Amino acid sequence: MQSTGQPVSRYQDKNWWRQAVVYQIYPRSFVDSNADGIGDLKGITSRIDYLKSLNIDAVWLSPFYPSPLVDGGYDVSDYRDVDPKLGTLADFDEMLAALHKAGIRIFVDIVPNHCSYLHQWFQDAITSLPNSLERNRFIFRNGRGENGELPPTDWVSHFAPSAWTHESTFGGKHNQWFLHYFAPEQPDWNWDNPEIEEDFLKTLKFWADRGVDGFRIDVAHGLKKDLSEPFRMRNTLEHEVDRPADGNGILADRNEVFDVYRKWRKLFNQYDPPKVAVAEANVLPERVPLYASEETLGQCFDFRFIFIPFTARSYKESVAEAIELAKVNGSSCTWCLSNHDQIRHATKLGLDKSVDRKLWMLSDGTSAPLDKESGTRRALAATLFILALPGSTYLYQGEELGLHEVTDIPESMIQDPQYLKNLKVDKGRDGSRVPLPWNAQADYFGFSTGASHLPQPAWFKDYAVNVQSGKAESALSTYQRALQKRKELICEELITWHETGNAEVLHFSRPNGWNCLINFEGSDYLIPQGEILLSSAPITDGRLPAGTTVWIKR
Ligand code: BGC
């Protein structure tokens, strides 16, 4: 599976994904071309030059399908179309052609665990009888209690206290409840029904035939549920509900889900090069290889760098573990620091380690000071560190600007169900989804000519693309240089650790002499002999300061 060193055209190379840099676009917040304050596909097409300047290999687009946007588009009402707010299928084709022309591949997001309550099949189900074909596409059950007034089980959802909602909420008249792992507006599909399997194969083929190169599979550990009766109750089995060690959870990570992915793999392999997929699976580490097998999805996100502290020890241990896991089935590692579900990593790294980030967000970012400068500095150091590792890297729009989380979105403008449906115990994820600042001087910072769907704070001007472009020390230039260099340096997927004699400094190298050193919080560290290729912050007198990463060739 590893690179043979033979020259192959980028577009024929079936292993292109193994060490690709994939840039996540959250379409509603990238660029708006029609002044409605919502980013769109034409907006993306208008920024191909920018994407090209980043030296990325692929983009991954979060959902752009028709959706009432209860969960930012992860509530899909039609899997084989484009939301009119974001464009048309013709706009999609135009965007895809322009991306390919620029040498950038494209992943689309597939959301197979649930749809939107506005999906035609759910609308049909809610108006149909219990046990009908229409209801059997979802998970409808009678309630407990004398009159079925209690949900069938005590299972909880991610975005609501109960994983069951009474059908009357959506106009149903048969006193049943339906299951949803997320918001009530996101009913779960019944994956025991072959019709659902067939329909998703049709969706995958629809996009694959249009030319997409890969798929990001949302909640890949969902889909199959243990619906055997009597139902297992959560209060007796909590640890097994969705992160089981044995593939026998109630709501997620069940072994049967791999039967589905084996069928998907067969479809992917009918293309040349085969379509690729990456699983978003929130599972125990030892179960990750099951999703990343070449018989199933091929790759699985590893989110550990999002959660670990910025310390030498945790970074080293995490790399070692991730590499071991990737080896289990010949997949490649997936590194990432940010995405649309997480607090931007520049902000995380600018907070004292003792700060409870959830409470801090609930205080609108006021309960503890944020050191923005150190945060951005450490964020760049962390990025250069992961970019030098073997495997692929997933970047999230705006991180290349060193952008921080927006912590004070007024309650009336919050969109995220993680806040709205969840008894407001969590501020949610809107703060990382605020539209990008392109131009410090323009209205809405050049994102749109109409009011942006989430408010952009005044300080966004300091991070705008036009302010950073061409400035050697800016975050944007650092990303551009690093990604360019990485393209030249990419080599076999191996690393060797080197002793540094300093607990705050890590040093590893790749087989071609590409060396990476990071100093976490130590005093300046003498960089070993070699050609300095680039660094995340200025280096003086050959010494690596705290919160800095350097790449050298030796
Ligand atoms: C997506 C989230 C979404 C959830 C439900 C996640 O994994 O990344 O943004 O809310 O799935 O679809």
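The structure under discussion appears in the preceding block.
Residues numbered from 1 in each chain as written. Predicted model: local features only at pLDDT ≥ 70, side-chain atom pairs only at ≥ 80, totals over all residues. Heavy atoms only, no water.

Further remarks concern the state of the cysteines. Inspection of every chain in the model, using the stated rule, returns zero disulfides. Left unpaired, Cys 333 is separated from the closest cysteine sulfur, that of Cys 300, by 12 Å. For Cys 333, a relative accessible area of 8% puts it in the buried group. In this model Cys 516 remains outside any disulfide bridge; the closest cysteine sulfur is found in Cys 491, 12 Å from its own. Classification of Cys 516 as buried rests on a relative accessible area of 0%. (Disulfide = S-S within 2.5 Å. Buried < 20%, exposed > 50% of the residue type's maximum accessible area, 1.4 Å probe, protein only.)

Looking now at the sheet that holds strand β3 (residues 105-110). Backbone hydrogen bonds hold the strands of a sheet together, and the pairing may be parallel or antiparallel. What the eight strands build is an open sheet, ordered β9-β8-β7-β3-β2-β1-β11-β10; its pairing is parallel. Since the sheet does not close on itself, it has two edges, and those belong to β9 (298-300) and β10 (334-336), each with one partner. Taking each pair of neighbouring strands and ignoring which way they run, the sheet shows an average axis angle of 25°. When strand β1 (residues 21-25) meets strand β2 (residues 58-61), the two strands line up parallel, connected through four bridges. (Pairing = 2+ DSSP bridges. Helix = DSSP H or I, 4+ residues; strand = E, 2+ residues; numbered from the N terminus. Axes fitted to C-alpha atoms, helices over the stretch in contact; angles between N-to-C directions.)

With that out of the way, let us pick up the layout of surface pockets. Rolling a probe over the atoms, with the probe sized like a water molecule, indicates the empty space that remains. Approximately 1,300 Å³ is the volume attributed to the largest pocket. Taken together, 42 residues form the lining of the largest pocket, with Asn 282, Phe 307, Asp 341, Gln 342 and Gln 418 sitting closest to its centre. Take the lining of the largest pocket: its biggest share by element is three residues, from helix α12 (residues 357-362). Along the lines of polarity and charge, the residues of the lining of the largest pocket split into 16 nonpolar, eleven polar and 15 charged. (1 Å grid on protein atoms, 1.4 Å probe; cavity = no way out; pocket = protein on both sides within 12 Å on 5 of 7 lines; lining within 4 Å. Points joined across faces, edges and corners; volume = space filled by probe spheres on them. Nonpolar A, V, L, I, M, F, W, Y, C, P; charged D, E, K, R; others polar.)

Counted according to the given criterion, the structure contains 50 aromatic pairs. Aromatic pair Phe 64 and Tyr 65: ring centres 4.5 Å apart, planes at 45°, arrangement tilted. Phe 64 gets classed as buried once you look at its relative accessible area, which sits at 0%. Look at Trp 191 and Phe 200: their rings are 5.2 Å apart centre to centre, the planes differ by 35°, and that puts the pair in the tilted class. Under the relative-accessibility criterion, Trp 191 is labelled buried at 2%. A cation over a ring is seen here: Arg 47 above Trp 438, with NZ or CZ 4.5 Å from the ring centre. (Phe/Tyr/Trp six-rings, centres within 6.5 Å; stacked < 30°, edge-to-face > 60°. Lys NZ or Arg CZ within 6 Å of the ring centre and 35° of its normal.)

Turning our eyes to something else, we now look at the site of the ligand. Surrounding the ligand, one finds 13 residues, the nearest of these being Asp 71, His 114, Asp 218, Glu 280 and Asp 341. At a separation of 2.4 Å, an oxygen atom of the ligand approaches a polar side-chain atom of Glu 280. Between Asp 341 and the ligand, the recorded distance is 2.5 Å, taken from a side-chain N or O atom to an oxygen atom. Compared with its free state, where it exposes 300 Å², the ligand has 97% of that area covered by protein. The pocket occupied by the ligand, as judged from atoms lying within 2 Å of grid points, is the largest pocket. Looking at the shell around the ligand, its residues break down into four nonpolar, two polar and seven charged. (Near = heavy atom within 4 Å. Polar contact = N/O pair within 3.5 Å; in protein donor to acceptor, adjacent residues only side chain to side chain. Areas by Shrake-Rupley, 256 points an atom, 1.4 Å probe, with all protein chains shown as cover. Sits in = over half its atoms within 2 Å of the grid points.)

So, on to helix α10 (residues 312-327). Each full turn of the α-helix corresponds to 3.6 residues, which orients residues three or four apart in the same direction. For α10, built from 16 residues, the straight-helix expectation of 22 Å at 1.5 Å per residue is met to within 8% by its first-to-last C-alpha distance of 23 Å. For α10, the set of buried residues is Ala 312, Ser 314, Tyr 315, Ser 318, Val 319, Ala 322, Ile 323, Leu 325 and Ala 326. Looking at the buried residues of α10, the elements they touch are α8 (288-291), α9 (304-307), β10, α13 (372-387), β12 (496-498) and β13 (505-509). (Expected span 1.5 Å × (residues − 1). Contact = heavy atoms within 4.5 Å.)

With that settled, the discussion passes to the sheet that holds β13. Overall, antiparallel pairing links the five strands, which are arranged β12-β13-β14-β18-β16 in an open sheet. At either end of the open sheet lies a strand with only one pairing partner, and these are β12 and β16 (531-535). Within the sheet, the average angular offset between the axes of one strand and its neighbour, ignoring direction, is 25°. Taken together, the four bridges between β16 and strand β18 (residues 548-553) define a ladder with antiparallel strand orientation. Bridge pairing in β18 places Glu 531 opposite Lys 553.

Right, let's talk about the environment of Leu 359 for a bit. Among the secondary structure elements, Leu 359 is positioned in helix α12. Classification of Leu 359 by relative accessible area gives exposed; the value is 52%. Between the C-alpha atom of Leu 359 and that of Pro 273, which follows or precedes it by 86 residues, the distance is 46 Å.

Moving on, we get to unusual backbone geometry. Of note, the bond from Glu 229 into Pro 230 is cis; its omega dihedral lies within 30 degrees of zero at 5°. Structurally, Pro 230 is set in the loop between β7 (214-217) and α6 (234-237). In this chain, Asp 272 is followed by Pro 273 through a cis amide linkage whose omega measures -5°. Note that Pro 273 resides in the loop between α7 (257-268) and β8 (276-279). For Asn 55, which is not a glycine, the phi torsion comes out positive at approximately 60°.

All told, the structure shown has 33 salt bridges when counted by the stated rule. For Lys 224, the salt bridge identified is with Asp 192, shortest N-O distance 3.5 Å. Placement of the pair is Lys 224 in the loop between β7 and α6 and Asp 192 in the loop between β6 (176-179) and α5 (194-210), with a sequence separation of 32 residues. By relative accessible area, which is 48% here, Asp 192 ends up partly exposed. Note that Lys 461 is salt-bridged to Asp 462, the shortest N-O span being 3.3 Å. Given the relative accessible area of 41%, Lys 461 is considered partly exposed. Looking at Asp 462, the relative accessible area reads 47%, which means it is partly exposed. When salt bridges that share partners are traced, they join Asp 71, Asp 341, Asp 416, Arg 429 and Arg 433 into one network. (Salt bridge = Lys/Arg side-chain N within 4 Å of Asp/Glu carboxyl O.)

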